[in-house]
Amino acid sequence: GAGVSQTPSNKVTEKGKYVELRCDPISGHTALYWYRQSLGQGPEFLIYFQGTGAADDSGLPNDRFFAVRPEGSVSTLKIQRTERGDSAVYLCASSQGVGYTDTQYFGPGTRLTVL
Amino acid sequence: TQLLEQSPQFLSIQEGENLTVYCNSSSVFSSLQWYRQEPGEGPVLLVTVVTGGEVKKLKRLTFQFGDARKDSSLHITAAQTGDTGLYLCAGRNSNSGYALNFGKGTSLLVTP
């Protein structure tokens with residue numbers, strides 16, 4: 001059974017460019033989460049999907065960030081007009097349910113560097 | 001905003017020693033989880049605690065949830081080099097919804 005996969009593993013871009021980060025969750029998991037982990041910090045929540053809809057996007061820092069999950073499986077995090085402060089590891093997680101004890105399984109992350 | 005404070009931030013010990021790391025908050029959590037993260041990888045769940053005063057053991061690791069469900073500790077007995085990594089606590093409550101609130105983590109280095 002494959003775990004959560006994320007592509008690319010590393011992305012280097014220039015300030016002002018547009019980037020897309022992809023997440024393939026564990027098959028059958030209905031819930032999908034995006035987190036951002038800056039150096040020396042724990043992961044910070046960005047957005048959560050239940051099926052195809054974004055159930056909670058309160059963690060997105062501003063309107064340059066957007067995420068989709070059109071078919072309820074693969075998700076793409078999109079960042080417009082990237083800034084140096086966007087540099088971080090972007091983690092995706094999925095879970096079978098959404099209860100307080102449900103396990104979120106994390107992917108290895110995409111390390112984004114904005115020059 | 002990270003509601004969970006972890007201490008110590010860094011810890012370097014020799015193999016065979018015991019250690020305890022702490023996770024504290026002013027908020028009450030419905031559940032609290034401990035993860036271990038290695039470089040270049042995502043966090044991996046170690047344990048979930050939900051009941052105040054709960055103690056769970058995982059081999060040489062002992063996890064405790066505070067009576068008021070605001071704090072937790074992780075104790076490792078006879079540390080091994082394979083225990084090296086970043087230990088993160090994460091809580092969930094009605095304010096956080098489905099999101100995990102993570103602390104900054106404790107970076108543990110176990111040397112031979």
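A quick note: this is a predicted structure, and the numbers were derived from the prediction, not measured.

Visitor: I'm lost on the overall build of chain A in this one. Help?
Guide: Broken down by element type, chain A carries zero helices and 11 strands. Traced from its N-terminal end to its C-terminal end, chain A shows the element sequence β-β-β-β-β-β-β-β-β-β-β. Relative to a compact globule of 115 residues, whose C-alpha radius of gyration would be 13 Å, chain A shows 13 Å and is just as compact. Each principal axis of the C-alpha atoms in chain A carries an extent, and together these give about 40 × 25 × 25 Å.

Visitor: Which parts of the structure should I look at to understand the overall build of chain B?
Guide: Looking only at helices and strands, one finds zero helices and 11 strands in chain B. Along its sequence from the N terminus, chain B presents helices and strands in the succession β-β-β-β-β-β-β-β-β-β-β. Its C-alpha atoms give chain B a radius of gyration of 13 Å, near enough to 13 Å, the size a compact globule of 112 residues would have. Overall, the C-alpha framework of chain B stretches about 45 × 30 × 20 Å when taken along its three principal axes. Counting only residues that meet the buried cut, chain B has 45% of its 112 residues in that class. In the form shown here, chain B has an accessible surface area of approximately 5200 Å², with 48% of it arising from carbon and sulfur atoms.

Visitor: How should I be thinking about the state of the cysteines in this particular structure?
Guide: Any covalent bond linking the sulfur atoms of two cysteines counts as a disulfide. Residue and element names in this part refer to chain B. Here the structure, examined in full by the defined rule, presents two disulfides over all chains. Across the disulfide, cysteine 23 is cross-linked to cysteine 89 (sulfur-sulfur distance 2.0 Å). Residues cysteine 23 and cysteine 89 are joined by a disulfide whose S-S torsion is about 80°; by sign, that bridge is right-handed. Placement of cysteine 23 in strand β3 (residues 19-24) and of cysteine 89 in strand β9 (residues 85-92) is noted, with a sequence separation of 66 residues between them. Accessibility assignment for this pair places cysteine 23 and cysteine 89 in one class, buried.

Visitor: Would you mind going over the pairing of strand β9 (residues 88-95) of chain A with me for this structure?
Guide: A regular strand places its side chains so that they alternate between the two faces of the sheet. Residue and element names in this part refer to chain A. Among the eight residues that make up β9, eight are buried, leaving the element largely enclosed by the rest of the structure. Here β9 shows a buried face lined by Ala88, Tyr90, Cys92 and Ser94 and a second buried face lined by Val89, Leu91, Ala93 and Ser95. Across seven bridges, strand β4 (residues 31-37) lies against β9 in antiparallel orientation. Considered in β9, the bridge of glutamine 37 is made with valine 89. Across three bridges, β9 lies against strand β11 (residues 110-114) in antiparallel orientation. Paired with tyrosine 90 across the bridge in β11 is threonine 110. Pairing geometry for β9 and strand β10 (residues 105-106), over two bridges, is antiparallel. The residue bridging alanine 93 from the neighbouring strand is phenylalanine 106, located in β10.

Visitor: Mind showing me how you'd approach the interface of chain A and chain B here?
Guide: Interface size, as often reported, equals the accessible area lost upon joining of the parts. In this assembly, 22 residues from chain A lie in contact with 27 residues from chain B. Area buried by chain A at its contact with chain B is led by Pro43, Tyr100 and Phe106 of chain A, which between them contribute 31% of it. Counting the contacts that link chain A with chain B gives three residue pairs in polar contact (both at pLDDT 80 or more). Of all the secondary structure elements, the ones that give two or more residues to the side of chain A that touches chain B are β4 and β5 (44-50) of chain A. Of the residues in the side of chain A that touches chain B, the class split is 10 nonpolar, nine polar and three charged.

Visitor: Even after reading the chapter, I still don't get the sheet that holds strand β3 (residues 19-24) of chain A, so can you show me in this structure?
Guide: Backbone-to-backbone hydrogen bonds pair the strands of a sheet. The strands run either parallel or antiparallel. All names here are of chain A. Pairing within the open sheet is antiparallel, and its four strands lie in the order β1-β3-β8-β7. If you trace the sheet from one side to the other, it starts and ends with β1 (5-7) and β7 (65-68), each paired once. Ignoring strand direction, the axes of neighbouring strands in this sheet form an average angle of 15°. The pairing of β7 with strand β8 (residues 75-79) spans four bridges and is classified as antiparallel. In the sheet register, phenylalanine 66 faces β8, and the bridge partner there is lysine 78.

Visitor: Hey, could you run me through the sheet that holds β3 of chain B in this one?
Guide: Residues and elements named next belong to chain B. Taken in spatial order, the five strands line up as β1-β3-β8-β7-β6 in an open sheet, and their pairing is antiparallel. Since the sheet does not close on itself, it has two edges, and those belong to β1 (5-7) and β6 (55-58), each with one partner. The mean angle between the axes of side-by-side strands here comes to 15°, regardless of whether they run parallel or antiparallel. Bridging between β1 and β3 involves three bridges; their strand directions are antiparallel. Within β3, the position partnered with glutamate 5 by the bridge is asparagine 24.

The rules we used
- Residues numbered from 1 in each chain as written.
- Chains lettered and ligands numbered in written order.
- Predicted model: local features only at pLDDT ≥ 70, side-chain atom pairs only at ≥ 80, totals over all residues.
- Heavy atoms only, no water.
- Helix = DSSP H or I, 4+ residues; strand = E, 2+ residues; numbered from the N terminus.
- Rg over C-alpha atoms; globule rule 2.2 N^0.38 Å.
- Buried < 20%, exposed > 50% of the residue type's maximum accessible area, 1.4 Å probe, protein only.
- Areas by Shrake-Rupley, 256 points an atom, 1.4 Å probe, with all protein chains shown as cover.
- Disulfide = S-S within 2.5 Å.
- Pairing = 2+ DSSP bridges.
- Contact = heavy atoms within 4.5 Å.
- Buried area = accessible area lost by both parts, 1.4 Å probe.
- Polar contact = N/O pair within 3.5 Å; in protein donor to acceptor, adjacent residues only side chain to side chain.
- Nonpolar A, V, L, I, M, F, W, Y, C, P; charged D, E, K, R; others polar.
- Axes fitted to C-alpha atoms, helices over the stretch in contact; angles between N-to-C directions.

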